[in-house]
Amino acid sequence: MFYWINSNQNIKNFNKHSAIDLIRFATTGISRTDLAEQMGLTRAAVTLIVNDLLENGVILEAESRAIPNGRPPVVLEINPKRGLVAAVDMGATHVNIALSDFSAKIIEETSLPFDIKQGPQICLTEVKRILHELLDRYGVGISQIMAVGVGVPGPVIKDAGMVMSPPIMPGWDGYPIRKTLEKEWGCPVSLNNDAELGALGEWAYGAGRGEKNLAFIKVGSGIGAGLIINQQIYGGTTGSAGEIGHITIDENGPLCTCGNHGCMEAFAGGNAIALQARKLVESGKRTLLSNAPSKDLTAQDVADCARRGDLPSQEIIMRAGTFIGIAIAGLVNLFNPSAVIIGGGVAQAGDLLTTPIRQAVREHSLRASEQSVHITTAMLGQRSSLIGATVQAVSIAIHDATERKAPVSKEQILTELKQAAPTE
Ligand SMILES: [Zn+2]
């Protein structure tokens, strides 16, 4: 069972929170009878919980849309109008920001070019500007936002709400990201690695629905993995698990952004793919890639040209796929997931990338694990991490609302947040 526990709150009513999670992740609502069965409780016990949640406005009763004929049964759903949340997915070159209701349905969103290398001050000011633009467009103020989920392309130290020595985020090391944003926005903020959020997004609403154990591999400028184990994000001891891009493939290989040589990312990440494309064009070989100036080439261009049938581009993508597949084979051997989902910008190359990945996994992992794993591309496309950040924000906001008898003021939440913050 996935759910978020606010560390400062004494969870008196575990069942209430379990019920909320069963309701929010049910595809078309859930009946009281099904809820009782799944929770192993009596109908009477469930009625008490449900009445409490109905009274507090977190859920509502609706007619099921799942049955085409006859009188539709009444099901329980999240009340989408109970509140608003925001999600911010910062990538190396793009930022995606969305506003959503409590049912995690996105109501406003935007995606803009972004340069994470400019450091926290410039980047977070830009995020603030874009978020306010979205809020204006929807006609609400920042005070309406109950929680924000934030994703970054680096290893997150969860308790501290910051990143540590992030290879593709120079200038962000040790910067108090979560604390800065909570102060600025006056609501709880969660900070996660973007691949971790991609795993959560695909698990909740995408290609990983219903999977117990899955890995999401984000192939962007860098390469990271997000792990869901027993339906919960697995972050490791401090929160930095899943750095699959920095598995050494060849210790004499090319220099990686992390300072080591021959990491998988240095062979197959978006930056490495773009570098190979530039070298190819400069070598004078016939390729569609030479239509653009070689210094501007990106991994996205290589994926586009590959899809349009350009053989040299296809070779670059397929070689990257083989390296990624070798690393995934190791992950499959270690962790025996039922699904591996490939996402991020480079995954837009589709079968050209996944075919060599599947082949490498077949060749390099043990049959016992290989037979049970399903390798597929992200169903949410480039929005996996943004949706995951939304799920995180809704988790915080909804479980917070569940603890309360009635809606409370933002000031009260902020005061509680300050009291709960670890002393420095
Ligand atoms: Zn590395």
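Residues numbered from 1 in each chain as written. Predicted model: local features only at pLDDT ≥ 70, side-chain atom pairs only at ≥ 80, totals over all residues. Heavy atoms only, no water.

As for the overall build of the protein chain
Next, step 1: The number of helices and strands found in the protein chain is 14 helices and 14 strands.
Next, step 2: Taking 424 residues into account, the globule formula puts the C-alpha radius of gyration at 22 Å, and the protein chain, at 22 Å, falls close to it.
Next, step 3: In terms of its C-alpha atoms, the protein chain occupies a principal-axis envelope of roughly 70 × 45 × 40 Å.
Next, step 4: Counting over 424 residues, the protein chain shows a buried share of 54%. (Helix = DSSP H or I, 4+ residues; strand = E, 2+ residues; numbered from the N terminus. Rg over C-alpha atoms; globule rule 2.2 N^0.38 Å. Buried < 20%, exposed > 50% of the residue type's maximum accessible area, 1.4 Å probe, protein only.)

Here we look at the domain arrangement of the protein chain
Next, step 1: As assigned here, the protein chain comprises domain 1 (14-78), domain 2 (82-199 + 384-420) and domain 3 (209-378).
Next, step 2: The C-alpha-based centres of domain 1 and domain 3 are spaced at 40 Å. (Domains from an automatic or database assignment.)

Structural notes on the packing of aromatic side chains
Next, step 1: Following the criterion strictly, the structure yields 3 aromatic pairs and no others.
Next, step 2: For the ring pair Phe-25 and Trp-203, a centre distance of 5.2 Å and an interplane angle of 65° mean the geometry is edge-to-face. Pair noted here: Phe-25 is in the loop between helix H1 (14-24) and helix H2 (32-39) and Trp-203 is in helix H6 (residues 194-205), with a separation of 178 residues, a long-range link. Pair check on accessibility: Phe-25 and Trp-203 agree, each one buried.
Next, step 3: Judged by centre distance (6.4 Å) and plane angle (55°), the rings of Phe-25 and Tyr-205 are tilted. Note that Phe-25 is positioned in the loop between H1 and H2 and Tyr-205 in helix H6, a separation of 180 residues in sequence.
Next, step 4: Take Phe-25: its relative accessible area is 17%, and that puts it in the buried class.
Next, step 5: Note on Tyr-205: relative accessible area 24%, which makes it partly exposed.
Next, step 6: Through pairs of rings, three or more aromatic residues link up here, namely Phe-25, Trp-203 and Tyr-205. (Phe/Tyr/Trp six-rings, centres within 6.5 Å; stacked < 30°, edge-to-face > 60°.)

With respect to the nonpolar core
Next, step 1: Grouped together as the largest cluster of nonpolar side chains are 40 residues, with contacts concentrated most on Ile-217, Ile-317, Ile-324, Ile-328, Val-340 and Ile-342.
Next, step 2: Every residue in contact with Ile-324, bar those within four places of it in the chain, is listed here: Ile-217, Val-219, Ile-223, Met-264, Ala-268, Leu-353 and Ile-357.
Next, step 3: Counting 34 residues, the second-largest nonpolar core is a separate cluster that includes Leu-84, Leu-131, Tyr-175 and Leu-191. (Core = buried A, V, L, I, M, F, W, Y, C linked by side-chain atoms within 4.5 Å. Contact = heavy atoms within 4.5 Å.)

Let's talk about the sheet that holds strand E11 (residues 223-229)
Next, step 1: The strand order across the open sheet built from 5 strands is E12-E11-E10-E13-E14, with neighbouring strands paired in mixed fashion. In this open sheet, the two edge strands, each paired with only one partner strand, are strand E12 (232-234) and strand E14 (374-377). Taken over all neighbouring pairs, the strand axes of this sheet differ in orientation by 25° on average, direction set aside.
Next, step 2: Two elements, strand E10 (residues 214-219) and E11, share 6 bridges in a ladder whose sense is antiparallel. The residue of E11 that forms the bridge with Val-219 is Ile-223.
Next, step 3: Sheet contacts for H6: E10, E11, E12 and strand E13 (339-343); angle to E11, the most-contacted strand, approximately 45°. (Pairing = 2+ DSSP bridges. Axes fitted to C-alpha atoms, helices over the stretch in contact; angles between N-to-C directions.)

Topic: the pattern of salt bridges
Next, step 1: All told, the structure shown has 12 salt bridges when counted by the stated rule.
Next, step 2: For Lys-218, the salt bridge goes to Asp-194, with nearest N and O atoms at 3.5 Å. Of this pair, Lys-218 sits in strand E10 while Asp-194 sits in helix H6, and the two are 24 residues apart along the sequence.
Next, step 3: By relative accessible area, Lys-218 is classed as buried at 16%. (Salt bridge = Lys/Arg side-chain N within 4 Å of Asp/Glu carboxyl O.)

Observations regarding the coordination of the zinc ion
Next, step 1: Taken together, the protein ligands of the zinc ion are His-246 (ND1), Cys-256 (SG), Cys-258 (SG) and Cys-263 (SG), with distances of 2.0 to 2.3 Å.
Next, step 2: Coordination at the zinc ion comes from 4 donor atoms whose angles at the metal span 104 to 123°, giving a geometry best classed as tetrahedral.
Next, step 3: For the zinc ion, all donor residues lie on one chain, and their spacing in sequence is H-x9-C-x1-C-x4-C. (Donors = N, O, S within 2.8 Å, 3.2 Å for Na, K, Ca; no water. Tetrahedral: all angles 85-135°; square planar, octahedral: opposite > 155°, others 65-115°.)

Structural notes on the sheet that holds strand E5 (residues 106-113)
In sheet architecture, strand pairing relies on hydrogen bonds along the backbone and comes in two forms, parallel and antiparallel.
Next, step 1: Pairing in this open sheet of 5 strands is mixed, and the strands run E5-E4-E3-E6-E9 from one edge to the other. Among the strands making up the open sheet, the edge pair consists of E5 and strand E9 (189-193). On average, each strand axis in the sheet is inclined to that of its neighbour by 15°, with strand direction left out of account.
Next, step 2: Note that strand E3 (residues 84-90) and strand E4 (residues 94-101) share 7 bridges and pair antiparallel. In the sheet register, Leu-84 faces E4, and the bridge partner there is Asp-101.
Next, step 3: On the sheet, H6 packs against E3, strand E6 (145-152) and E9 and is oriented at approximately 100° with respect to E9.
Next, step 4: With respect to the sheet, helix H13 (residues 384-402) is in contact with E3, E4, E5, E6 and E9, its orientation differing from that of E3 by roughly 145°.

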